[in-house]
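Coordinate analysis (summary)
One letter stands for each residue in the lines below.
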Amino acid sequence: MSTLLHVDSSVRGTNNPNPDHDSISKNIARRFIDTWQENRPEDEYIYRDVGVNPPAFITQEWIGAVFTPVENRTPAQQETLALSDTLIAEVSAADVLVISSPMYNYGMPAQLKAWFDQIVRIGKTFDFDLERGDFPLQPLLSGKTLIIVTSSGEFGFEKGGIREESGHLVPHLRTLSKYLGVDTIYEISAEYQEFGDERHRVSVANAKERAERLASELSLSGQALSSRNEVTDA
Ligand SMILES: Cc1cc2nc3c(=O)[nH]c(=O)nc-3n(C[C@H](O)[C@H](O)[C@H](O)COP(=O)(O)O)c2cc1C
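By the naming in an unreviewed UniProt entry, the chain goes by FMN dependent NADH:quinone oxidoreductase and is assigned to Marinobacter salsuginis. Here the chain is described in UniProt, under the heading Subunit (unreviewed entry), as follows: "Homodimer." Taken from UniProt, the Sequence similarities (unreviewed entry) comment for the chain reads in full: "Belongs to the azoreductase type 1 family."

See below:
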């Protein structure tokens, strides 16, 4: 058995009274999950919709609690870190992560960034040692596979694309993914939403097809299926 962690982050719902308002990124991710679950119904599934239920922003108290040794934390500090502990436990239990994200202002939604801020935490998902010179941070989790699903209104954010320099969504997710313990990344992108033309229709159809194909390949091949990590109590 493996564990799938699915994080959606669009503020839009999957099914609205007017289907034109449906989240594209959520529907592509849903296609991946549905295919996976058809093949491996026994797998554990954890779902977070951070677009609709955003995690709290971190605070000065949060940072203070993180840097207080576990044995000295007050009940209030433990409470401050409770959400972070829960979100980190979900990531560490996962073998496969599916993160879907709209592009908002050329990057990820603030709600998804808030999720990362709760998770990328010293002593839990990375450690810090100046003995390592210019690269003191080292991730503590490993072995996970990440599927990044994105939707954008414009197009050409990929390497060599006409808007490569404005594409801060996938590069940022890739940079942060190492703190989730991710070794292998797959990308699925739908573009052209703001144009509403044939290019958009084809782009969404291709992304859904790729989601289905990738879910079949990964779930049936046994690749990516065991990377559960132990997280220490720091
Ligand atoms: C607040 C906001 C900001 C957006 N910023 C961008 C942007 O910078 N670049 C872009 O290509 N599309 C942008 N879009 C369009 C969305 O990326 C597009 O509608 C996408 O399909 C949203 O994802 P969803 O369908 O999963 O909700 C923006 C949309 C919203 C609502």
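Remarks on the site of the ligand
Taken together, 16 residues lie around the ligand, and Ser10, Ser25, Pro102, Gly153 and Glu154 are the ones closest in. Per-element accounting of the shell around the ligand gives the leading share, three residues, to helix 1 (residues 24-39). Among the residues forming the shell around the ligand, the class breakdown is five nonpolar, eight polar and three charged.

Some words on the UniProt feature "binding site: FMN" (unreviewed entry) in the chain
The sites that carry the UniProt feature "binding site: FMN" (unreviewed entry) are, in the present numbering, Ser10, Ser23, Ile24 and Ser25. Annotated residues spanning 16 residues; largest pairwise C-alpha distance 8.7 Å, indicating a single compact cluster. Tracing the chain through its elements places Ile24 in helix 1. What makes Ile24 buried here is the crowd of 25 C-beta atoms within 10 Å. Not counting chain neighbours up to four residues away, the residues in contact with Ile24 comprise Ser151, Ala190, Gln193 and Val204. Looking at the secondary structure, you find Ser25 in helix 1. Dropping the residues within four chain positions of it, Ser25 is found in contact with Ser10, Ser100, Ser101, Pro102, Val149, Thr150 and Ser151.

Some remarks on unusual backbone geometry
Not every positive phi belongs to a glycine, and Tyr106 is a case in point at roughly 70 degrees. Checked against the element boundaries, Tyr106 lands in the loop between strand 3 (96-102) and helix 5 (110-119). In this structure Tyr106 comes out as partly exposed when scored by C-beta crowding, with 15 C-beta atoms within 10 Å.

Quick look at the pairing of strand 2 (residues 44-49)
Across six bridges, strand 1 (residues 3-8) lies against strand 2 in parallel orientation. What sits directly across from Val7, in strand 2, is Arg48. After leaving strand 1, the chain enters helix 1 and then returns to the sheet as strand 2, a path that is right-handed.

So, how was this worked out
- Residues numbered from 1 in each chain as written.
- Predicted model: local features only at pLDDT ≥ 70, side-chain atom pairs only at ≥ 80, totals over all residues.
- UniProt positions renumbered as here; feature names shortened; annotations may be inferred.
- Near = placed C-beta within 6 Å.
- Helix = DSSP H or I, 4+ residues; strand = E, 2+ residues; numbered from the N terminus.
- Nonpolar A, V, L, I, M, F, W, Y, C, P; charged D, E, K, R; others polar.
- Buried ≥ 20, exposed ≤ 12 C-beta atoms within 10 Å, placed from the backbone.
- Contact = placed C-beta atoms within 7 Å.
- Pairing = 2+ DSSP bridges.
- Right-handed = clockwise from strand over helix to strand, strands pointing away.

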